[in-house]
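Summary of the model geometry
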Amino acid sequence: PLLEIFAFIEVGSAIGALPTLALIVLTAVVGALLVRWQGLKVALDARQSMERDELPVAAVVHGALLLFAGLLLVTPGFVTDTAGFLLLIPPFRSLVAQRIWRWLAARTKTRARPARRRPAVIEGEAIEIDRDGELHDPDRGTSPWSSGEGTPR
């Protein structure tokens, strides 16, 4: 906030109060149009990724950064506008995305817990074969383990 106030005072004293306000409104309008235009491009990139059966991770990250750029651009101030316009430059946005990705990867590696594996469930049918080679099918009642059929050996 102090940096924004300082920038307002400096720009206002150099060009006047009304031109300063007009410049703030102009940057918000131009920024919103640029965010919309680049957002459509990112949406198309995401769609193409999905058509190739790929996860659109890069497009999602770029979309989130464009959303943040839009918020910065509609917030009154020259410092926030500068940061917002920087995020509209695709190479700069890619650099920021890489830094965020590395930071998240480092944070998750240090706090990662070993994954709990659930035991595999294998469905199947069982057929009993006794020591003499006789086939016992519990569904047909020929098993010594089914009710009413002899005793187990």
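We now turn to the structure provided with this report.

Turning our eyes to something else, we now look at the overall build of the protein chain. A tally of helices and strands in the protein chain yields five helices and two strands. Along the protein chain, helices and strands appear, N-terminal first, in the series α-α-α-α-α-β-β. With 153 residues in all, the protein chain has 23% of them scored as buried. Across the protein chain, every contact between residues at least 6 apart in sequence was considered, and the portion connecting residues at least 24 apart equals 46%. Of the roughly 12300 Å² that the protein chain leaves accessible, carbon and sulfur atoms contribute 65%.

Below, the discussion takes up the nonpolar core. Core analysis: the biggest nonpolar cluster contains 10 residues, these being Val35, Val42, Ala46, Ala59, Leu66, Ala69, Leu72, Leu73, Leu87 and Leu88. Where this core is concerned, the elements lending two or more residues are helix 2 (17-51) and helix 3 (57-74). Of all the elements, helix 3 adds the most residues to this core, at five residues. Apart from the residues within four sequence positions on either side, leucine 73 is in contact with Thr27, Ala28, Gly31, Val35, Asp81, Gly84, Phe85 and Leu88.

Further remarks concern unusual backbone geometry. Working note: non-glycine residues mostly have negative phi, and peptide bonds are mostly trans. We note that aspartate 53 has phi near 60°; this positive angle belongs to a residue other than glycine. For aspartate 53, the location among the structural elements is in the loop between helix 2 and helix 3.

By secondary structure assignment, the location of threonine 80 is in helix 4 (residues 78-87). The buried category is assigned to threonine 80, whose relative accessible area is 17%. A polar side-chain atom of threonine 80 sits 3.2 Å from the main-chain carbonyl oxygen of threonine 75.

Another aspect to go through is the packing of helix 3 against helix 4. Relative to each other, helix 3 and helix 4 sit at 155°, their axes nearing to 8 Å. Viewed along their axes, helix 3 and helix 4 adopt a mutual orientation that is roughly antiparallel. Helix 4 is crossed by helix 3, and the crossing has left-handed handedness. Across from Leu65, Leu66, Phe68, Ala69, Leu72 and Leu73 in helix 3, the residues of helix 4 making contact are Thr80, Asp81, Ala83, Gly84, Phe85 and Leu87. Considered class by class, the residues forming the contact of helix 3 with helix 4 number nine nonpolar, two polar and one charged.

Cut-offs used in this document
Throughout, residues of each chain are indexed from 1 in the direction in which the sequence is written. Selection of residues for local features in this predicted model requires a pLDDT of at least 70, selection of side-chain atom pairs for listing and counting requires 80 or more, and totals for whole chains, interfaces and linings are taken over all residues. Side-chain descriptors were evaluated using all non-hydrogen atoms of the structure, hydrogens and water having been removed beforehand. By definition, any uninterrupted DSSP run of H or I lasting at least four residues is a helix, any uninterrupted run of E lasting at least two residues is a strand, and each is numbered from the N terminus. A simple rule labels every residue: compare its accessible area, found with a 1.4 Å probe on the protein chains alone, to the largest value its type can have, and call it buried under 20%, exposed over 50%, or partly exposed in between. Contacts were defined at the residue level, with two residues in contact if any of their heavy atoms lie within 4.5 Å. Here the accessible surface of atoms and residues is derived via Shrake-Rupley with a 1.4 Å probe, and residues count as covered only by protein chains that are part of the display. Here, nonpolar core means buried Ala, Val, Leu, Ile, Met, Phe, Trp, Tyr and Cys residues that are tied together by side-chain atoms lying within 4.5 Å of each other. In protein, a polar contact means a hydrogen-donor-capable atom and an acceptor-capable atom, both N or O and within 3.5 Å, with residues adjacent in sequence counting only if both atoms are side-chain atoms; elsewhere, any N or O pair within 3.5 Å suffices. Axes here mean lines fitted to C-alpha atoms, for a helix over just the part in contact, with angles spanning 0 to 180 degrees between N-to-C directions. Note on angle classes: values under 35 degrees are labelled roughly parallel, values over 145 roughly antiparallel, values of 65 to 115 roughly perpendicular, and the remainder oblique. Left-handed describes a crossing whose near helix is turned anticlockwise from the far helix through less than a right angle; right-handed describes the clockwise counterpart. Lys, Arg, Asp and Glu make up the charged group, whereas Ala, Val, Leu, Ile, Met, Phe, Trp, Tyr, Cys and Pro make up the nonpolar group; the residues left over, Gly among them, are polar.

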